[in-house]
Amino acid sequence: MSHRDRHGPHDDGGEVPAAVADPFRGGWADTRTRLPPLSGAACAAKRRSALSERFPGERIVVPSGGPKVRSNDFDYTFRPHSAFVHLTAEQGTRAVPDSVLVLEPTGGGHSATLFTRPRSPRDGGPNGAEFHSDRRHGEFWTGRRRTLAETEQALGVEAAARDGLERALTGDVPTRVVRGEDPLVDALVPPSPGAEAELLTFLAESRLVKDEWEIDQLRAAVGATVAGFHDVAGELPHAMRLARGERWIEGTFNRRARLEGHGLGFETIAAAGAHACVLHWMRNDGPVREGDLLLLDAGVEADSFYTGDVTRTLPAGGRFTDVQRRVHDLVFAAQSAGIAALRPGARYGDFHAAAMRVIAEGLDSWGLRPAGGTARDSGLGPGPEPASGADSGPGPGSFPDPDLYRRYTVCGSGHMLGLDCHDCAGARGGTYMDGVLEAGHVLTVEPGLYFQPDDLTVPEELRGIGVRIEDDFVITADGALCLSAGLPRGADETEAWMASL
């Protein structure tokens, strides 16, 4: 890779010396083409219509966001804002940083315009040097973009050059924006915290029920995720020979994510041994030893930006020890109870309550009572209760005395899944955590037990054991469909699967 500073190109696309500009003048082929509509474009148009109906007479501005600096003159891989993706169906590496979707009110609704960067011009013009002189946006540096006409063909929305955005945001029109994603938008539109919060809430809640196209994208993302788990299981013997075997596991899964999708839905958790007791262990710098459990929590983000999220806890040597199996079996039973509670019309919290009841009763039977009580003392009775507060499942709830067993569980038992791993987090409680499940909801069920290596309230044999099992489900008209069924869940099946590899 060339060092970007050696040739001293200009970032602003302004005047450059003739000696630098002249070699790039003339001699360029016409590479314009006609693109078919993206598969999700029609669904995105329906979502824009719903947004238009919700805010009649108001201008709506949804930026994609821009590139973020990793170090000096290198940026992180660009990933657009999820609301922008939902409203445009933009895809993977074709997404252009600093694009802005504007819905302008008309007499009959809204007209939609996508302000974006057109192709870098090759000859003259106000941005004529951008192609070779702009490190961040010049196509010599970052690759070909679509023409404005190609963008219109692919996304089914009118496209205009970004340099017309300022003019488009003038005028005395009530305007709501997704703030904090584009400095120019933020500067042009005065803040309106209440109106902007209402817009964000609507955008989050509009993603709760997935359409068939979205479910297909999630099915593909989860399928690629399952393939990555198969890759990892096959690489475990090699990982166990390395000083930083967790990194080998991470790299093995990440290769699959880049091969079959846009990349990762979140940073891979490859946690061996006591690292499995850290919920978001992403350092991945430890060994994978014989006798360890490996907790792998990972997800492939498809080119459509929808992501899978699956967890398995695997015995590195292929077989669980007796105590590891005991913990795994309890988590498996808890997850099975949570899965059985998934159905349209059930309260969102029911699956968590069902899983926690099994965890609590199991820990009680083991004599683990960190607060001095028992499962019976906690008020557990027949029938599910609403979900407790959670890191990986949003919001407060009313599971009886959840702190009694929180020491060993910490977080909730699942969350909505979609464009974000923890999807729709901006939704109101009544439509999400205190709401009911509907056909088209996609969510995870992922109870876990985590016995810290220095926790003196548990027997020594349990210390340093962490187990989580997570699968992805779509709620159907009469139940729930497991999208990640290509992986075994139970201990016996897991051992047989690993032996077969």
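Calculation criteria
- Residues numbered from 1 in each chain as written.
- Predicted model: local features only at pLDDT ≥ 70, side-chain atom pairs only at ≥ 80, totals over all residues.
- Heavy atoms only, no water.
- Core = buried A, V, L, I, M, F, W, Y, C linked by side-chain atoms within 4.5 Å.
- Buried < 20%, exposed > 50% of the residue type's maximum accessible area, 1.4 Å probe, protein only.
- Helix = DSSP H or I, 4+ residues; strand = E, 2+ residues; numbered from the N terminus.
- Pairing = 2+ DSSP bridges.
- Axes fitted to C-alpha atoms, helices over the stretch in contact; angles between N-to-C directions.
- Polar contact = N/O pair within 3.5 Å; in protein donor to acceptor, adjacent residues only side chain to side chain.
- Contact = heavy atoms within 4.5 Å.
- Parallel < 35°, antiparallel > 145°, perpendicular 65-115°, else oblique.
- Left-handed = near helix turned anticlockwise from the far one by under 90°.
- Phe/Tyr/Trp six-rings, centres within 6.5 Å; stacked < 30°, edge-to-face > 60°.
- Salt bridge = Lys/Arg side-chain N within 4 Å of Asp/Glu carboxyl O.

Caption draft 1: Structural detail: the nonpolar core. Residues Phe229, Leu236, Ile249 and Leu296 are the most contacted members of the largest nonpolar core, which totals 38 residues. Mapped onto this core, the elements with two or more residues apiece are helix H10 (212-239), helix H11 (245-260), strand S9 (269-272), strand S10 (293-298), strand S12 (310-315) and helix H15 (491-500). Take this core: its biggest share by element is 11 residues, from H10.

Caption draft 2: Summary view of the sheet that holds strand S13 (residues 442-445). Ordered in space as S13-S16-S17, the three strands form an open sheet in which the pairing is antiparallel. Each end of this open sheet is capped by a strand with a single partner; those strands are S13 and strand S17 (480-482). Averaged over all neighbouring strand pairs, the angle between strand axes comes to 35°, with direction disregarded. Bridging between strand S16 (residues 471-475) and S17 involves three bridges; their strand directions are antiparallel. If you follow Phe473 over to S17, its bridge partner there is Cys482.

Caption draft 3: Quick look at the sheet that holds strand S5 (residues 109-116). What the five strands build is an open sheet, ordered S6-S5-S4-S1-S7; its pairing is mixed. Among the strands making up the open sheet, the edge pair consists of strand S6 (158-161) and strand S7 (175-177). Going from strand to strand, the sheet's axes swing by 25° on average, the running direction of each strand aside. Bridging between strand S1 (residues 59-63) and strand S4 (residues 100-106) involves four bridges; their strand directions are antiparallel. In the strand pairing of S4, Val61 is matched with Val102.

Caption draft 4: Local environment of the side chain of Arg146. In this structure, Arg146 sits in the loop between helix H5 (139-142) and helix H6 (148-155). Only 2.4 Å separates the side chain of Arg146 from the side chain of Glu90, close enough to count as a polar contact. Every residue in contact with Arg146, bar those within four places of it in the chain, is listed here: Leu35, Glu90, Arg94, Arg117, Pro118, Arg119, Thr151, Ala154 and Leu155.

Caption draft 5: Quick look at the packing of H10 against H11. One can describe the packing of H10 onto H11 by two numbers: an axis separation of 9 Å at closest approach and a directional angle of 150°. By the angle between their directions, the pair H10 and H11 is classed as roughly antiparallel. Crossing geometry of H10 relative to H11 is assigned as right-handed. Facing Ala224, Thr225, Ala227, Gly228, Phe229, Asp231, Val232, Glu235, Leu236, His238 and Ala239 of H10, the residues of H11 in contact are Gly245, Trp248, Ile249, Thr252, Phe253, Arg256 and Glu260.

Caption draft 6: Region of interest: the packing of aromatic side chains. Counting across every chain of the model gives eight aromatic pairs. Geometrically, the ring pair formed by Phe229 and Phe253 is edge-to-face, given 5.9 Å between the ring centres and 80° between the ring planes. With Phe229 in helix H10 and Phe253 in helix H11, this residue pair connects regions lying 24 residues apart in the sequence. Measuring from ring centre to ring centre gives 5.3 Å for Tyr408 and Phe451, while their planes differ by 55°; the resulting arrangement is tilted. With Tyr408 in helix H14 (residues 403-409) and Phe451 in strand S14 (residues 448-451), this residue pair connects regions lying 43 residues apart in the sequence.

Caption draft 7: Looking closely at H6. Every buried residue belonging to H6 is among Glu150, Thr151, Gln153, Ala154 and Leu155, and all of these are buried. Where H6 is buried, its residues touch helix H2 (41-54), helix H3 (82-88), S5 and S6. Positive phi shows up at Gly156, right after H6, with a value of about 70°.

Caption draft 8: Region of the structure containing the pattern of salt bridges. Counted according to the given criterion, the structure contains 33 salt bridges. Residues Glu58 and Arg176 are paired through a salt bridge, measuring 2.6 Å at the closest nitrogen-oxygen approach. On the criterion of sequence distance, the pair formed by Glu58 in the loop between H2 and S1 and Arg176 in strand S7 is long-range, its members being 118 residues apart. Assigned by exposure class, Glu58 and Arg176 land together as buried. Asp75 is paired through a salt bridge with Arg136; the nearest N and O atoms lie 2.7 Å apart. Of this pair, Asp75 sits in strand S3 (residues 74-75) while Arg136 is found in the loop between helix H4 (130-133) and H5, placing the two residues 61 residues apart along the sequence. Accessibility expressed as a relative area gives 34% for Arg136, which makes it partly exposed. Each of Arg54, Glu58, Arg176 and Glu198 takes part in a single network of salt bridges with overlapping partners.

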